[in-house]
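Each chain, letter by letter, is given below.
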Amino acid sequence: MKELVEVIASSLVDNPDEVVVTMTEDDEQIVLNLTVAPDDMGKVIGKQGRIAKAIRTVVRAAGSKGNKKIMVDIQ
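Residues numbered from 1 in each chain as written. Predicted model: local features only at pLDDT ≥ 70, side-chain atom pairs only at ≥ 80, totals over all residues. Heavy atoms only, no water.

Draft legend 1. Just the overall build of the protein, in detail. When helices and strands are tallied, the protein shows 3 helices and 3 strands. The secondary structure elements of the protein, listed N-terminal to C-terminal, are α-β-β-α-α-β. Seen through its principal axes, the protein has C-alpha atoms that stretch 35 × 25 × 15 Å. In the protein, which comprises 75 residues, the proportion classed as buried is 27%. Counting only carbon and sulfur atoms, one obtains 51% of the accessible surface of the protein, whose full area is about 4900 Å². (Helix = DSSP H or I, 4+ residues; strand = E, 2+ residues; numbered from the N terminus. Buried < 20%, exposed > 50% of the residue type's maximum accessible area, 1.4 Å probe, protein only. Areas by Shrake-Rupley, 256 points an atom, 1.4 Å probe, with all protein chains shown as cover.)

Draft legend 2. Representation of the pairing of strand β1 (residues 20–25) in the model. For β1 and strand β2 (residues 29–35), the ladder comprises 6 bridges, and the chain directions are antiparallel. When the bridges of β2 are listed, Thr22 appears paired with Asn33. Here β1 hands over to β2 after 3 residues, the two strands then running antiparallel side by side. (Pairing = 2+ DSSP bridges.)

Draft legend 3. Inspection of the packing of helix α1 (residues 2–12) against helix α3 (residues 50–62) at higher detail. It is the contact of α1 with α3, at a shortest axis distance of 10 Å, that shows an interaxial angle of 155°. One finds that α1 runs roughly antiparallel with respect to α3. Crossing angle aside, the handedness with which α1 passes α3 is right-handed. Across the interface between the two elements, Leu4, Val5, Ile8 and Leu12 from α1 touch Ile51, Ile55, Val58, Val59 and Ala62 from α3. By residue class, the composition of the contact of α1 with α3 is 9 nonpolar, no polar and no charged. (Axes fitted to C-alpha atoms, helices over the stretch in contact; angles between N-to-C directions. Parallel < 35°, antiparallel > 145°, perpendicular 65-115°, else oblique. Left-handed = near helix turned anticlockwise from the far one by under 90°. Contact = heavy atoms within 4.5 Å. Nonpolar A, V, L, I, M, F, W, Y, C, P; charged D, E, K, R; others polar.)

Draft legend 4. Expanded view of the sheet that holds β1. Pairing is mixed across the open sheet formed by 3 strands, whose spatial order is β1-β2-β3. Edge positions in the open sheet fall to β1 and β3 (69–74), since each of these has one partner strand only. This sheet shows a mean twist of 20° between the axes of neighbouring strands, independent of strand direction. Judged from the 6 bridges that link them, β2 and β3 form a sheet pairing that is parallel. Across the sheet, residue Leu34 finds its bridge partner in β3, namely Ile74. Running at roughly 155° to β3, α3 makes contact with β2 and β3 of the sheet.

Draft legend 5. Fine view of unusual backbone geometry. Positive phi is not limited to glycine here, since Gln48 has a value of about 55°. Among the structural elements, Gln48 can be located in the loop between α2 (41–45) and α3.

Coordinates in, geometry out; function isn't part of it.
Structure, rendered in structure tokens:
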């Protein structure tokens, strides 16, 4: 999952070197924290959050075989 978010975010931003994804996992969920450069924040979120919602949808679909809930936080 971590690599998937990195690939998607890196293709959207102007500074792909500043894309950092950290993953924390517990018994019930997996949380992926996506950090990008401040100038690229709008490109990752998109108008009215459409791109962020699409990223979350793709990640949930990719992780649907597991029993854990997957969340993507954009910072």
